[in-house]
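# Coordinate inspection notes
In case you want the letters, here they are:
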Amino acid sequence: MRVLNRWRSWVWVLPALALLLVFVYYPIVENLRLSLYSWNAFSARPVFVGLDNYRTAVEDPIFWRALRNNTVFAVTSLVFQVGFSLVLAAVLEEFVHQRLRGILRTVYFIPAVISITVAGILFSFLYNPQIGLLNRALGALGLESWQHSWLGEPGTAMWSIIAMSQWQSIGYTAILFVVAIQRVPREFYEAARIDGAGRIRSFFSITVPMVREMTTLITILTISGAFLVFNEVMVMTAGGPSNSSQVLGTWLYRNAFLNDDMGYAAAIATVIFVITLLIGASQIYVSRRRRIEW
Amino acid sequence: MMTVSANANARAGAVPAATTRKVAAPRWLRSLGSVLVWVGLGALVLAVLYPLLWMVFSSFKDNREVFDSPWGLPGELRWGNFAKAGNAGVVRYFTNSVIVTSASILTTVLVSAWAAYGLVRQKIVGGGIVLGLLLGGLMLAPTVALIPLFGLLQNLRIFDTYWALIVLYTAFRIPFTTFLIRAYMIDLSPEVDEAAKLDGCTAAQTFWRIILPMCRPILVSAALLQALFAWNEFVFALVFVSNGDLKTLPVGLMDMQSRLLTDWPVQFAGLTMAALPMIVLFLIGQRQFLQGLTDGIGK
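Predicted model only: the values in this text are computed from it and were never measured. (Residues numbered from 1 in each chain as written. Chains lettered and ligands numbered in written order. Predicted model: local features only at pLDDT ≥ 70, side-chain atom pairs only at ≥ 80, totals over all residues.)

## Looking at the overall build of chain B
Counted only if it meets this: Helix and strand assignments follow DSSP, with helices taken as H or I runs no shorter than four residues and strands as E runs no shorter than two, numbered in order from the N terminus. As a rule, residues whose C-beta atom has 12 or fewer other C-beta atoms within 10 Å are exposed, those with 20 or more are buried, and those in between are partly exposed; C-beta atoms are placed from the backbone. Residues are defined as contacting one another if the C-beta atoms placed from their backbone atoms lie within 7 Å.
For chain B, the count of helices and strands is 14 helices and 0 strands. Scanning chain B from its N terminus toward the C terminus, one meets helices and strands in the order α-α-α-α-α-α-α-α-α-α-α-α-α-α. Per-residue burial for chain B yields a buried fraction of 46% across its 299 residues. At a minimum sequence separation of 6, the contacts of chain B that also span at least 24 residues come to 77%.

Shown next, in the form of structure tokens:
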């Protein structure tokens, strides 16, 4: 009876735990197993093939291109969503009058609340050579030679998608930085001013070190987001033209549900899993080391 | 960067002069700096808003205006475009999105609040393990689970139903939502619980009658963030629902785009109808939105 009583408190966490184990943890473990089989949606029995699916990946040039595209996505996003956003947040906080500051924050955040699908389709119209504003703007400036069929050419498709993603996310990370900056005690800035430090100096000597926690967090979120990117690419190019904008997520989707090679898709999923795991682990490592430092 | 410092000096110049002399910049440079910052901020506002305004304006135009006067206002307000977009599927997708989003808000918030209260106030054997599993769940990505879930949902016979999405949206958001609500509950005074207990409330009664109402602000934040997530979710909605009548907005719009092709104004109208609810919801619930966002990310 006492044993029963001790376990009775599990009634609180049981619903959450059951959903989590069945729909989040089990599939991820199962995916590791499936990646060792050759198997498709209709085959009666999966055939064990060991690491063959991973060998396929290593020898698949599109897999490597996808990985490279994810990396380019991550690096570009870091520049804009961490670097630029931090500067933007600091400018908003230190430079803009209070009332206007609120309005600007709201405006910059708006793209983050519309769905990626809507933003993606909207930008594919913007890039469209027939009706799009981008080519027309370039034409009006006399830059006809810069005009492109942005999503239709292998050289520009990936960058066009990345640009859309920055448009959507800069305001979001800037708001997070604003919150972090607001937590920095005002006295620090006043002391710096009395010592004759200008705003640039204050930014580098106070703001940057004081919001380091948030910077780490946003860096982690941005990098893992870049390796999980799917929706943007699916809506705007579906990985084309000629696989030039393929990323790991879309390549997985294509193999699973269009090429019907579930085993290979599961192997790609495992690669994504390992990458996100490493990113997560590095976050824990960084925050732990910092705690010791302090 | 130059611009920021130049203005800083301009401001500092108003403070007693002696301390600021050594960094003072020439006046023309200071005003040039602040002009550049304002131009930058203004350009960013334009870059953010212009595509959205173009979307709204274009949804009132006819095809010729879309081509001939992309920068201009629509000649007249053609509400018919919205009716056409609605008939082309937007209304159905919209309804589906509302159903899936509201159901998953209810389940996610209740299950998470229930678990959070247990973790904060009830002594749970192995509570540490539960927290660990929740924390790990924060890092696991939907994409990785996609292929096994395909089979699992078929075996559970919920593939291609609303339930597939509701269950997944709940399961994948429980970790975040539980941590969000837990952080708020930790700050509540335990005396409330004790008083309720003295009055003869069971733990469950305390939860429903006292704790939930007290947690209202964070529950609103949690609900708004779940709304944002579920309304915009794409991967699961793409893979686990193939019946055109059950598709949610993000996937339905993509379908519609390939169906309507060059009926541009109707396409724009569809996008506008999909984007507006979230923008309006955000403008109304801005404070709770940001509160939840920063609480969730900060703790």
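So, next bit.
## Overview of the overall build of chain A
Along its length, chain A carries 14 helices and 2 strands. In terms of its C-alpha atoms, chain A occupies a principal-axis envelope of roughly 75 × 75 × 30 Å. At a minimum sequence separation of 6, the contacts of chain A that also span at least 24 residues come to 69%.

## Structural notes on the interface of chain B and chain A
The partner chain A presents 66 residues to the 78 residues of chain B that form the contact. Here the element with the most residues in the side of chain B that touches chain A is helix H2 (residues 27-58) of chain B; it accounts for 9 residues.

## Some remarks on the environment of Gly244(B)
Tracing the backbone shows Gly244(B) in the loop between helix H11 (235-240) and helix H12 (249-260). For the pair Gly244(B) and Gly89(B), spaced 155 residues apart in sequence, the C-alpha to C-alpha distance is 9.1 Å.

## Overview of the environment of Tyr184(B)
Residues and elements named next belong to chain B. Mapped onto the elements of the fold, Tyr184 is located in helix H7 (residues 162-186). Separated by 14 residues in sequence, Tyr184 and Thr170 place their C-alpha atoms 20 Å apart. Excluding residues that lie within four positions of it along the chain, Tyr184 makes contacts with Cys215 and Ile218.

## Focus on the nonpolar core
Short version of the rule: As used throughout, a nonpolar core is a set of buried Ala, Val, Leu, Ile, Met, Phe, Trp, Tyr and Cys residues joined through C-beta atoms within 7 Å of each other.
Of all hydrophobic cores here, the largest spans 170 residues; its most connected members are Phe177(A), Ile268(A), Ala269(A), Ile272(A) and Leu165(B). Ranked by residue count, the leading element in this core is helix H4 (residues 80-121) of chain B, at 16 residues. Apart from the residues lying within four places of it in its own chain, the contact partners of Ile268(A) are Ala57(A), Leu248(A), Trp251(A), Leu252(A) and Asn255(A).

## Describing unusual backbone geometry
Residue and element names in this part refer to chain A. The peptide bond linking Gly240 to Pro241 adopts the cis configuration, its omega dihedral lying at -10°. By the element assignment, Pro241 lies in the loop between helix H12 (231-236) and helix H13 (248-258). If you check the backbone angles, Asn243 has positive phi at about 60° while not being a glycine. Even without glycine at this site, Asp260 takes up a positive phi of about 55°.

## Brief notes about the packing of H4(B) against helix H10 (residues 216-232) of chain B
All names here are of chain B. Just so we agree on the cut-off: Fitted lines through C-alpha atoms serve as axes, helices being fitted only where they are in contact, and the angles separating the N-to-C directions of these axes extend from 0 to 180 degrees. Roughly parallel covers angles under 35 degrees, roughly antiparallel covers those over 145, roughly perpendicular covers 65 to 115, and oblique covers all other angles. If you view the pair so one helix is near and one far, a crossing is left-handed when the near helix is turned anticlockwise from the far one by less than a right angle, and right-handed when it is turned clockwise. Each residue is assigned to one class: nonpolar for Ala, Val, Leu, Ile, Met, Phe, Trp, Tyr, Cys and Pro, charged for Asp, Glu, Lys and Arg, and polar for all the others, Gly among them.
Across the interface, H4 lies against H10 with an axial gap of 9 Å and an inter-helix angle of 140°. Judged on the interaxial angle alone, H10 and H4 are oblique. In the crossing of H4 with H10, the sense of the turn from one axis to the other is right-handed. Seen from H4, the contacting residues are Ser97, Val100, Thr101, Ser104, Ile105, Thr108, Val109 and Ala113; seen from H10, they are Leu219, Ala222, Ala223, Gln226, Ala227, Ala230 and Trp231. Across the contact of H4 with H10, the residue classes break down as 10 nonpolar, 5 polar and no charged.

## So, the packing of helix H5 (residues 98-113) of chain A against H2(B)
At a minimum axis distance of 9 Å, the contact between H5(A) and H2(B) shows a crossing angle of 40°. Helix-helix and strand crossings are classified by hand; for H5(A) and H2(B) the assignment is left-handed. Facing H5(A), whose interface residues are Leu104(A), Val107(A), Tyr108(A), Ile110(A) and Pro111(A), H2(B) presents Leu41(B), Leu44(B), Val45(B), Val48(B) and Leu49(B).

## What to know about the confidence of the model for chain B
Regions with low pLDDT carry predicted coordinates that are not meant to be interpreted in detail. Residues and elements named next belong to chain B. Rule in force here: One number per residue, pLDDT, summarises how confident the predictor is, and it ranges from 0 to 100.
Mean pLDDT over chain B works out to 85, with 90% of the residues at or above the 70 mark. The element-level mean pLDDT for chain B is lowest in helix H1 (residues 2-12), coming to 40, with H11 highest at 95. Below pLDDT 50 for its whole length, residues 1-22 participates in 46 contacts with residues either more than four positions away or in separate chains. Across the assembled chains, the prediction reports ipTM 0.87 with pTM 0.87.

## Here we look at H10(B)
Note the cut-off: The length a helix should cover is 1.5 Å for every residue beyond the first.
Taking 1.5 Å per residue, 17 residues should reach 24 Å; H10(B) reaches 24 Å between its end C-alpha atoms and fits that length. In terms of residue burial, H10(B) counts as a mostly covered element, since 13 of its 17 residues are buried.

## Structural notes on the environment of Phe268(B)
Residues and elements named next belong to chain B. Within the secondary structure, Phe268 sits in helix H13 (residues 264-284). When the C-alpha atoms of Phe268 and Trp54 are compared, they prove to be 9.0 Å apart, with 214 residues separating the residues in sequence. Leave out the neighbours within four places in its chain, and Phe268 touches Met55, Ser58 and Ser59.

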